[in-house]
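Read off the chains here:
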Amino acid sequence: DGYSHNEQLHEFIKDVMSIAKVEMKALKAIAVSKGPGSYTGLRIGVSCAKGLCYALSIPLIAIETLTVLSQMSPNNTTYIIPMIDARRMEVYTAVIDQNGVIIERAFAEILTDNSFAKFLKKGSVTFIGDGVDKWEKHCKNLNSVFLSNVLPSARFMGELAHKQFMKRSFEDLAYFEPYYLKDFHGSK
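For every chain, the first residue of the written sequence is number 1, and numbering continues from 1 along that sequence. Selection of residues for local features in this predicted model requires a pLDDT of at least 70, selection of side-chain atom pairs for listing and counting requires 80 or more, and totals for whole chains, interfaces and linings are taken over all residues. In computing side-chain values, all of the structure's heavy atoms are included and hydrogens and water are not.

Visitor: Got a sec to walk through the pattern of salt bridges? Specific residues and values, please.
Guide: Take a side-chain nitrogen of Lys or Arg and a carboxyl oxygen of Asp or Glu: if they are within 4 Å of each other, that pair is a salt bridge. Under the defined criterion, the tally for this structure stands at 5 salt bridges. The salt bridge partner of Lys134 is Asp85, with a shortest N-O separation of 2.4 Å. Linking Lys134 in helix 5 (residues 132-136) with Asp85 in strand 3 (residues 79-85), this pair joins segments that are 49 residues apart in sequence. Among the residues examined, Lys134 registers a relative accessible area of 11% and is labelled buried. Every helix listed is a DSSP run of H or I at least four residues long, and every strand listed is a run of E at least two residues long, numbered separately from the N terminus. Burial classes follow relative accessibility: with a 1.4 Å probe on protein chains only, a residue under 20% of its type's maximum area counts as buried, one over 50% as exposed, and anything between as partly exposed.

Set out below in structure tokens:
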């Protein structure tokens, strides 16, 4: 209901651990989505993950949200362009090729009729995420595949996190911060 994650996140974690029949002390690392995304959501998730890692003396693994979202694309297209709604006509996005290679790292894009034109000229492009609806209204290119209302899922983070775990690619608990992409602008 509403914005209850900040109040119930630890209870959700306890419930999932209980259902999975896994004790906290069995964890070897914790993976968290590092952004970009909602300022408040990232702060809550990263703070929780860092706290658990510190308490359990285990490493923190951070995965870029757009990379997780790109993993959810079932289509075999030339490019995958994940999109996270960033309000108004803006999205947080990246460009990833069919082999999972990042062509353009995360950036904020104010959508226009010409957005992503150079990729659409080269082949088929799957646009995936909760920012796709507003883009689909502008994009009339036949090389486009639209997968809207898809949110990043931890289920698709597992393989990416395992690869980082095996490479021992961990974050510094004291200094790690979410990747906001843009500065926070609160309302008064």
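So that's the structure; there's more coming.
Visitor: Describe helix 2 (residues 39-56), listing the residues and the values that go with them.
Guide: For an α-helix, the turn length of 3.6 residues means that residues three or four places apart are oriented alike. Here helix 2 is 18 residues long and its end C-alpha atoms lie 26 Å apart, about the 26 Å a rise of 1.5 Å per residue gives. Leu42, Val46, Cys48, Ala49, Leu52 and Cys53 are the residues of helix 2 that are buried. An end-on view of helix 2 places all buried positions within 160° of arc, on one side of the element. Among the exposed residues of helix 2, those oriented more than 90 degrees off its buried face are Tyr54 and Ala55. One or two residues past the end of helix 2 sits Ser57, with phi positive at roughly 55°. To estimate the expected span of a helix, count its residues, drop one, and scale the result by 1.5 Å. Taken from the helix axis, the directions to the C-beta atoms give the arc we talk about.

Visitor: Describe the pairing of strand 2 (residues 60-64), naming the residues involved and giving the relevant values.
Guide: Of all 5 residues in strand 2, 5 are buried; the element is thus mostly enclosed. Taking every second residue as pointing to the same face, both faces of strand 2 are buried, with Leu60, Ala62 and Glu64 on one and Ile61 and Ile63 on the other. In this scheme, strands are said to pair when DSSP sees at least two bridges between them. Of the pairings in the sheet, the one linking strand 1 (residues 30-35) to strand 2 comprises 5 bridges and is parallel in character. In the sheet register, Gly35 faces strand 2, and the bridge partner there is Glu64.

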